[in-house]
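Structural description and commentary
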Amino acid sequence: MNQYQLTVDSEQLQNLFHGNDQLATLVEEILNQILEAQVSEQLHAEPYERSDQRQGYRNGYRSRQLTTRVGALTLRVPQVRAGEFSTDLFARYQRNEQALVLTLMEMVVQGVSTRKVAAITDALCGKEFSKSTVSALCQHLDPLVQAWKDRSLAEQAYPFVVVDALVIRVREEERVVARSALIATGISQEGHRELLGLHIGSSESEASWGAFFAELTRRGLHGVDLVVSDDHAGLVKAIRQHFQGAVWQRCQTHFARNLLSSTPADLQREVLAHLHAITRAPDLPTARHLRDQFLTDYRARASAACAKLDEAFDDITAVLALPLAYRQRLRTTNGQERLNQEIRRRERVIRIFPNTASAVRLIGALLSEYHDQWATGKKYFDMTAYQQWQARPLQAVLPSMA
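Residues numbered from 1 in each chain as written. Predicted model: local features only at pLDDT ≥ 70, side-chain atom pairs only at ≥ 80, totals over all residues. Heavy atoms only, no water.

1. Section: the overall build of the chain
- On a plain count of helices and strands, the chain comes out with 16 helices and 7 strands.
- Here the chain holds 402 residues, and 47% of them are scored as buried.
- Long-range contacts, defined as pairs at least 24 residues apart, comprise 65% of the intrachain contacts of the chain with a sequence gap of at least 6.
- For the chain, the computed accessible surface area is about 21,200 Å², with 49% contributed by carbon and sulfur atoms. (Helix = DSSP H or I, 4+ residues; strand = E, 2+ residues; numbered from the N terminus. Buried < 20%, exposed > 50% of the residue type's maximum accessible area, 1.4 Å probe, protein only. Contact = heavy atoms within 4.5 Å. Areas by Shrake-Rupley, 256 points an atom, 1.4 Å probe, with all protein chains shown as cover.)

2. Concerning the environment of Gln 341
- Position of Gln 341 among the secondary structure elements: in helix 13 (residues 334-350).
- For Gln 341, a relative accessible area of 53% gives the class exposed.
- Each C-alpha atom of the pair Gln 341 and Leu 166 lies 9.7 Å from the other, and the pair is 175 residues apart in sequence.

3. Comments concerning the confidence of the model for the chain
- A residue-level look at the chain finds 75% of positions with pLDDT of 70 or above and a mean pLDDT of 82.
- Of all helices and strands in the chain, the one with the weakest mean pLDDT is helix 4 (residues 115-125) (49), whereas strand 6 (residues 226-229) scores best (98).
- Scored below 50 in pLDDT, residues 123-128 shows 9 contacts in the model against residues more than four places distant or in partner chains.
- Residue range residues 397-402 is modelled with pLDDT below 50. Its contacts to residues more than four positions away, or to other chains, number 14 contacts. (pLDDT = per-residue confidence, 0-100.)

4. Some points on the sheet that holds strand 6
- One open sheet accounts for 5 strands, arranged 5-4-3-6-7; its pairing is mixed. This sheet does not close on itself; its edge strands, each paired only once, are strand 5 (193-201) and strand 7 (247-250). On average, each strand axis in the sheet is inclined to that of its neighbour by 25°, with strand direction left out of account.
- Contacting strand 3 (160-172), strand 4 (175-187) and strand 5, helix 14 (residues 356-376) runs over the sheet at an angle of about 170° to strand 5. (Pairing = 2+ DSSP bridges. Axes fitted to C-alpha atoms, helices over the stretch in contact; angles between N-to-C directions.)

5. What to know about unusual backbone geometry
- Of note, His 44 is a non-glycine position whose phi angle comes to about 60°, a positive value.
- Tracing the backbone through its elements, the reader meets His 44 in the loop between helix 2 (22-43) and strand 1 (58-68).
- Given a relative accessible area of 43%, His 44 falls into the partly exposed group.

6. As for the pattern of salt bridges
- For the coordinates displayed, the defined rule picks out 7 salt bridges.
- The partner of Asp 142 in a salt bridge is Arg 361, and the shortest N-O contact between them spans 2.6 Å. Highlighted residues: Asp 142 in helix 5 (residues 131-150) and Arg 361 in helix 14, separated in sequence by 219 residues.
- Between Glu 347 and Arg 344 there is a salt bridge; the shortest N-O distance is 3.1 Å. (Salt bridge = Lys/Arg side-chain N within 4 Å of Asp/Glu carboxyl O.)

7. As for helix 11 (residues 303-316)
- The end-to-end C-alpha separation of helix 11 is 19 Å, in line with the 20 Å expected for 14 residues at 1.5 Å each.
- If you look at helix 11, its biggest bend is around 35°, right at Asp 310.
- Inspection of helix 11 places Ala 305, Cys 306, Leu 309, Ala 312, Phe 313 and Ile 316 among the buried residues, and these make up the whole buried set.
- Packed against the buried residues of helix 11 are strand 7, helix 8 (252-260), helix 9 (268-279) and helix 10 (284-298). (Expected span 1.5 Å × (residues − 1). Bend = angle between axes of the 7 residues up to and from the residue.)

8. Focus on the packing of aromatic side chains
- Tallying each qualifying case throughout the model produces 13 aromatic pairs.
- Ring geometry for Phe 213 and Phe 243: centres 5.0 Å apart, planes at 65°, overall edge-to-face. Pair noted here: Phe 213 is in helix 6 (residues 206-218) and Phe 243 is in the loop between helix 7 (233-242) and strand 7, with a separation of 30 residues, a long-range link.
- The exposure class assigned to Phe 213 is buried, which follows from its relative accessible area of 0%. (Phe/Tyr/Trp six-rings, centres within 6.5 Å; stacked < 30°, edge-to-face > 60°.)

9. What about the environment of Ala 184?
- Topologically, Ala 184 is positioned in strand 4.
- Given a relative accessible area of 0%, Ala 184 falls into the buried group.
- The spatial distance from the C-alpha of Ala 184 to the C-alpha of Phe 213 is 9.1 Å, given a sequence separation of 29 residues.
- Setting aside chain neighbours within four positions, we find Ala 184 in contact with Val 162, Val 163, Glu 194, Leu 195, Leu 196, Gly 197, Phe 212, Leu 216 and Gln 336.

10. Describing the nonpolar core
- The biggest cluster of nonpolar side chains holds 23 residues, and the ones touching the most others in it are Leu 198 and Leu 367.
- When contributions to this core are tallied by element, the ones reaching two or more residues are helix 5, strand 3, strand 4, strand 5, helix 13 and helix 14.
- When residues of this core are assigned to their parent elements, the largest contribution, 8 residues, is made by helix 14.
- Ignoring anything within four residues of it in the chain, the contact list for Leu 198 reads Trp 148, Lys 149, Ala 181, Leu 182, Ile 183, Phe 212, Glu 215, Val 360, Ile 363, Gly 364 and Leu 367.
- Tyr 158, Leu 182, Phe 243 and Ala 246 belong to the second-largest nonpolar core, a separate cluster that totals 22 residues. (Core = buried A, V, L, I, M, F, W, Y, C linked by side-chain atoms within 4.5 Å.)

11. What to know about helix 10
- For helix 10, built from 15 residues, the straight-helix expectation of 21 Å at 1.5 Å per residue is met to within 8% by its first-to-last C-alpha distance of 21 Å.
- Where helix 10 is concerned, the buried positions are Leu 284, Ala 287, Arg 291, Phe 294, Leu 295 and Tyr 298. End-on view of helix 10: buried residues confined to an arc of 95°, all on one side of the axis. When the buried face of helix 10 is taken as reference, the exposed residues oriented beyond 90 degrees from it are Pro 285, His 289 and Thr 296.
- Against the buried residues of helix 10 lie helix 9 and helix 11. (Arc of directions from axis to C-beta.)

As structure tokens, this is what we get:
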């Protein structure tokens, strides 16, 4: 490992404790010193040094903006005569930031970008880039994303799986088409939350979800006891086919919206309060009692809502069979929705992906970053209570989906 000798002005250290922008200034100074040390290492000579080992000469500097978590930095990148100074410093964006840059660059190269996107790429990537530049950068990032997508899931069981999708727009053969980004999150038997995979499907059809679930199974996904999702018909059919014996928990947030759409406006607030009482009941017998009371109270005034609740009751209360500690986070897909918002925040910059590969790269890079944070961070669940509960006869505590 190379060692660099860096110097920091005492005034900079003092200012560090008197303003939020001083940390960015300090980091900027350190990185500029690292760049200076790297060019000296590459040329085998310090500035103005006479050396028989010298392999080139400096040729001034160019400014380069680098956006980091401490703020925007302006770096002085050394230039070298009759050659190019190479540094891996700018390649050390997070994967999702690299993917965003690459996608924007592809849009400009393919001539489908807007003036705004061109300005963004100028700021992030420099003034000039070509198809070969984009291709070379993709060759570095794409294998990392693909390795995450193809990794084995066989090492441990994933008792809980949450699935969701979001619609994106992709340019294909001179047309802009809608595609579905299917995403699966799992909670392992050790209690860590992990992103299991990504699949770009033609739609949220049974076939697309089935292909995704088959892919996860081939990679070793096993031990699934509970699947949480919304009530999309194709998705539910695919869950029943590929996770036989597991229980399906219908997202309570999605169901609440659906129930209120069939409820008279003047009853919506009280109906929602009753629904929350049912879905947050301490046990299934209590939930059934509250359901029966609801049907009695509202059958005449909100018959459509009563029919929907009666039909969906088993699906929206499946989570009540689990120990209390696990119910709050598994009753909805809200955690997955928050992840989708992060994807949307980047996707809004793109608007239309230039091709499917760029969509996989951008979304996959973001998901792989979150996967690394989750898998190595604090446990999502303490699985002790679940393991004790799981030791009981399965048929006695968790009804089959069939």
